[in-house]
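# Observations on the model geometry
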Amino acid sequence: MKFTLRQLQVFLATAHYENISRAATSLNMSQSAASGSLKELESLYSVRLFERAGKRLKLNELGRQLWPRAEALLAQALEMDQALAHHQDLGLLKVGATLTIGNYLAVGLMAQFKARQSSARVQLKVANTQTIVDQVLNFELDLGMIEGEINHPDLDIQRWRSDTLIAFCAPGHPLASVQTLNDQHLLEANWIVRESGSGTRQTFERGMHGIWSDLTIELELEHTEAIKRAVEARLGISCLSHVSLKEAFRRGTLVPLGIPHRDFSRDFYLVLHRQKYRSPGIQAWLELCQAGIDQI
């Protein structure tokens with residue numbers, strides 16, 4: 001074997017940052033050492049893996065083909081390194097979750113994961129669906145937990161659990177006393193919605209098919225709690241996952257609105273890169289998700 005694992009690290013860091021200086025910094029190397037390592041890798045096989053675009057180094061076709069295989073190989077090497085150093089330690093697991101899942105479900109999962117394997121470490125990234133998907137595709141996350149529908153040939157997408165959105169308002173809002181809302185009610189209301197790119201927004205737009213473009217959007221906010229506070233302040237009504245509203249409904253600070261003729265059902269998904277090496281930590285997390293659906 002001609003190449004070294006260090007050369008693979010430099011290759012992957014350069015593919016990620018598209019800049020040799022930033023790649024070197026991420027690996028605690030000098031720029032000249034990183035550049036030399038990359039050049040040596042290419043010269044060993046008489047190939048080029050990058051094309052220069054201004055100050056950026058972009059993967060060429062060969063580089064793109066090698067990227068997932070290098071990620072998988074390095075992941076296995078790191079797992080072996082951790083196993084030798086920590087025996088049964090599962091190492092660091094990098095999980096991405098969309099806002100609803102991250103804020104209301106992921107913490108319970110992390111607690112169960114730690115209870116099963118006390119030495120395990122979980123790093124949680126919370127963002128919208130598109131951001132999580134992009135980071136899984138770029139190998140920045142080991143796996144993602146998303147609430148939006150997505151299709152990509154490089155992704156392994158596994159259904160996790162069902163969910164539904166529920167419309168709601170403040171107790172003092174005029175619609176709070178209406179038992180069932182019709183489309184006219186929906187069109188006359190001021191709506192506070194999640195931002196484009198979120199799974200919740202995607203499901204809401206689908207549920208409002210036929211009238212979406214005619215709705216009055218008062219505010220677009222990136223955070224569930226901000227939307228709930230805005231609705232409590234009677235700035236409008238909204239529609240969010242039932243898992244994020246259970247406590248507010250119990251306290252009576254928000255009240256549900258019935259829209260039975262509109263379908264806001266959806267699924268939560270687990271997403272992984274098809275070329276991602278399934279380490280024991282990833283496998284343990286997937287098994288926990290599938291086994292503990294009703295406990296979180």
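Residues numbered from 1 in each chain as written. Predicted model: local features only at pLDDT ≥ 70, side-chain atom pairs only at ≥ 80, totals over all residues. Heavy atoms only, no water.

### So, the overall build of the chain
The helix and strand tally for the chain stands at 12 helices and 11 strands. In terms of principal-axis extent, the alpha carbons of the chain reach across some 75 × 45 × 30 Å. Within the chain, buried positions represent 45% of all 296 residues. Contacts in the chain between residues far apart in sequence, at least 24 positions, make up 75% of those at least 6 positions apart. Working note: accessible area of the chain is about 14800 Å², and carbon and sulfur atoms make up 49% of it. The positive charge centre, built from 32 side chains, and the negative charge centre, built from 32, are 5 Å apart in the chain. (Helix = DSSP H or I, 4+ residues; strand = E, 2+ residues; numbered from the N terminus. Buried < 20%, exposed > 50% of the residue type's maximum accessible area, 1.4 Å probe, protein only. Contact = heavy atoms within 4.5 Å. Areas by Shrake-Rupley, 256 points an atom, 1.4 Å probe, with all protein chains shown as cover. Lys, Arg positive; Asp, Glu negative; His and termini not counted. Charge placed at Lys NZ, Arg CZ, Asp CG, Glu CD.)

### Regarding the nonpolar core
Ranked by internal contacts, the top residues of the largest apolar core, which has 22 residues, are Val10, Phe11 and Phe50. Within the residue set of this core, elements represented by two or more residues are helix 1 (5–17), helix 2 (20–26), helix 3 (31–45), strand 2 (56–59) and helix 4 (61–86). Broken down by element, this core gets its largest block of residues, six residues, from helix 1. Once residues lying within four places of it in the same chain are set aside, the contact partners of phenylalanine 50 are Phe11, Thr14, Ala15, Leu38, Glu42, Leu57, Lys58, Leu59 and Asn60. (Core = buried A, V, L, I, M, F, W, Y, C linked by side-chain atoms within 4.5 Å.)

### Remarks on the packing of aromatic side chains
Enumeration over the complete set of coordinates arrives at seven aromatic pairs. Pairing phenylalanine 204 with tryptophan 212 gives two aromatic rings, centres 5.9 Å apart and planes at 90°, and the pair type is edge-to-face. Look at tryptophan 212 and you get partly exposed, because its relative accessible area is 22%. Three or more aromatic residues joined by ring pairs form one cluster here, namely Trp191, Phe204, Trp212 and Phe264. (Phe/Tyr/Trp six-rings, centres within 6.5 Å; stacked < 30°, edge-to-face > 60°.)

### Here's the deal with the environment of glycine 144
Secondary-structure assignment places glycine 144 in strand 5 (residues 143–146). Along the primary structure glycine 144 and alanine 97 are separated by 47 residues, whereas in three dimensions their C-alpha atoms are 5.7 Å apart. The contact partners of glycine 144, leaving out residues within four places of it in the chain, are Gly96, Ile132, Val136, Tyr269, Leu270 and Val271.

### Concerning the packing of helix 1 against helix 3
Close contact between helix 1 and helix 3 brings their axes to 9 Å; oriented N to C, the two are set at 105°. In terms of orientation, helix 1 lies roughly perpendicular with respect to helix 3. Counted together, Arg6, Gln7, Val10, Phe11 and Thr14 of helix 1 and Ala34, Ser37, Leu38, Glu40, Leu41 and Leu44 of helix 3 form the full contact between these two elements. Counted by class, the contact of helix 1 with helix 3 contains six nonpolar, three polar and two charged residues. (Axes fitted to C-alpha atoms, helices over the stretch in contact; angles between N-to-C directions. Parallel < 35°, antiparallel > 145°, perpendicular 65-115°, else oblique. Nonpolar A, V, L, I, M, F, W, Y, C, P; charged D, E, K, R; others polar.)

### A closer look at the pairing of strand 11 (residues 265–273)
Extensive coverage of strand 11 is indicated by the burial of seven of its nine residues. Judged from the three bridges that link them, strand 5 and strand 11 form a sheet pairing that is antiparallel. When the bridges of strand 11 are listed, isoleucine 146 appears paired with tyrosine 269. Pairing of strand 6 (residues 155–169) with strand 11 involves nine bridges; the strand directions are antiparallel. Looking at strand 11, one finds that aspartate 163 is bridged to arginine 266. (Pairing = 2+ DSSP bridges.)

### As for the pairing of strand 5
Burial of the side chains of strand 5 extends over both faces: Leu143 and Met145 are buried on one face and Gly144 and Ile146 on the other. Relative to strand 5, strand 3 (residues 92–97) runs parallel, the two sharing three bridges. Residue valine 95 lies in a different strand from strand 5, and its bridge partner there is leucine 143.

### Let's talk about helix 1
Its 13 residues place the ends of helix 1 18 Å apart at the C-alpha level, agreeing with the 18 Å of an ideal helix rising 1.5 Å per residue. Regarding helix 1, the residues found buried are Gln7, Leu8, Val10, Phe11, Leu12, Ala13, Thr14 and Ala15. Glutamate 18 lies just past helix 1 and shows a positive phi near 55°. (Expected span 1.5 Å × (residues − 1).)

### Some thoughts on the pattern of salt bridges
Tallied over the full model, the rule gives 18 salt bridges. Between arginine 266 and aspartate 163 there is a salt bridge, and its shortest N-O distance comes to 2.8 Å. Of the two residues, arginine 266 is situated in strand 11 and aspartate 163 in strand 6; the sequence distance between them amounts to 103 residues. In this pair, the class of arginine 266 matches that of aspartate 163, namely buried. (Salt bridge = Lys/Arg side-chain N within 4 Å of Asp/Glu carboxyl O.)

### Quick look at the packing of helix 6 (residues 106–116) against helix 12 (residues 280–291)
Running from amino to carboxyl end, helix 6 crosses helix 12 at an angle of 120°, the nearest separation of the two axes being 11 Å. Relative to helix 12, the element helix 6 is oriented oblique. You can see that helix 6 and helix 12 cross each other, and the crossing is right-handed. For the pair helix 6 and helix 12, contact is made by Leu109, Met110, Gln112, Phe113 and Arg116 and by Gly281, Ala284, Trp285, Leu288 and Cys289, respectively. (Left-handed = near helix turned anticlockwise from the far one by under 90°.)

### A few points about unusual backbone geometry
Of note, glutamate 18 is a non-glycine position whose phi angle comes to about 55°, a positive value. With respect to the element layout, glutamate 18 can be found in the loop between helix 1 and helix 2. Phi at arginine 234 is positive, roughly 65°, even though this residue is not glycine. Considering the arrangement of structural elements, one finds arginine 234 in the loop between helix 10 (224–232) and strand 9 (238–241).

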